[in-house]
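# Residue-level structure breakdown
As a plain string of letters, each chain reads:
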Amino acid sequence: MNNLEERVTKIEQRNKRVETDKAWETSMIRKICIAILTYFVVVLYSYSISKINNVFLSSLVPVMGFLLSTLSLKGIRKIWESKR
């Protein structure tokens, strides 16, 4: 009986870890952090390859693309799930 309790405890711990991972994957904080990091990388890259007139503004393009894709994918996923 003790072995069964240990197994249940391990399963519950794993489930909690999986729930936490899923919550992080879908959190707005994660998306914002990725967007900010993407912005700084694109600014550095754009500035290093050429002297673009407005590096800071042009670097927003890929960041906005990322943010729009994360927002639209939820809708696409719902459609996909309903067809499945």
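The coordinates are above.
Quick caveat, the model's predicted, so the values are computed rather than measured.

### Structural notes on the overall build of the protein chain
Secondary structure assignment for the protein chain yields four helices and zero strands. Its helices and strands in sequence order give the protein chain the pattern α-α-α-α, from N to C terminus. Compactness check: the protein chain gives a C-alpha radius of gyration of 21 Å against a globular reference of 12 Å for 84 residues, more than 25% above the reference. Taking the principal axes of its C-alpha atoms as reference, the protein chain extends roughly 70 × 35 × 15 Å. Buried residues in the protein chain amount to 13% of all 84 residues. Total accessible area on the protein chain is roughly 7,400 Å²; 66% of this is exposed by carbon and sulfur atoms. Positive and negative side-chain charges in the protein chain, numbering 14 and 7 respectively, have mean positions lying 12 Å apart.

### Here we look at the pattern of salt bridges
Two side chains bearing opposite charge may form a pair once their charged atoms approach each other closely. On inspection of all chains with the given rule, the structure shows one salt bridge. For the salt bridge of Arg 30 with Glu 25, the shortest nitrogen-to-oxygen distance reads 3.5 Å.

### Remarks on the environment of Leu 60
Among the secondary structure elements, Leu 60 is positioned in helix α4 (residues 60-83). In this structure the C-alpha to C-alpha distance between Leu 60 and Lys 31, which are 29 residues apart in sequence, comes to 15 Å.

### Focus on the packing of aromatic side chains
Summed over all chains, the structure comprises one aromatic pair. Relative to Phe 40, the ring of Tyr 39 lies with its centre 5.7 Å away and its plane at 65°, an arrangement referred to as edge-to-face. Exposure remark for Tyr 39: the relative accessible area of 18% places this residue in the buried category.

### Considerations on the side chain of Ser 27
With respect to the helices and strands, the residue Ser 27 is situated in the loop between α1 (2-25) and α2 (28-49). Since its relative accessible area comes to 18%, Ser 27 is described here as buried.

### A few points about a nonpolar patch on the surface
Together, Met 28, Ile 32, Ile 36, Phe 40, Leu 68 and Leu 71 make up an exposed nonpolar region whose accessible area comes to about 600 Å². Where the nonpolar patch is concerned, the elements lending two or more residues are α2 and α4. It is α2 that contributes the most residues to the nonpolar patch, four residues altogether. Here Leu 71 is to be found in helix α4. Classification of Leu 71 by relative accessible area gives exposed; the value is 52%.

Cut-offs and rules
Residues numbered from 1 in each chain as written. Predicted model: local features only at pLDDT ≥ 70, side-chain atom pairs only at ≥ 80, totals over all residues. Heavy atoms only, no water. Helix = DSSP H or I, 4+ residues; strand = E, 2+ residues; numbered from the N terminus. Rg over C-alpha atoms; globule rule 2.2 N^0.38 Å. Buried < 20%, exposed > 50% of the residue type's maximum accessible area, 1.4 Å probe, protein only. Areas by Shrake-Rupley, 256 points an atom, 1.4 Å probe, with all protein chains shown as cover. Lys, Arg positive; Asp, Glu negative; His and termini not counted. Charge placed at Lys NZ, Arg CZ, Asp CG, Glu CD. Salt bridge = Lys/Arg side-chain N within 4 Å of Asp/Glu carboxyl O. Phe/Tyr/Trp six-rings, centres within 6.5 Å; stacked < 30°, edge-to-face > 60°. Patch = residues over 30% accessible without salt bridge, like charges linked within 9 Å, V, L, I, M, F, W, Y side chains within 5 Å.

Just distances and angles here, no functional claims.
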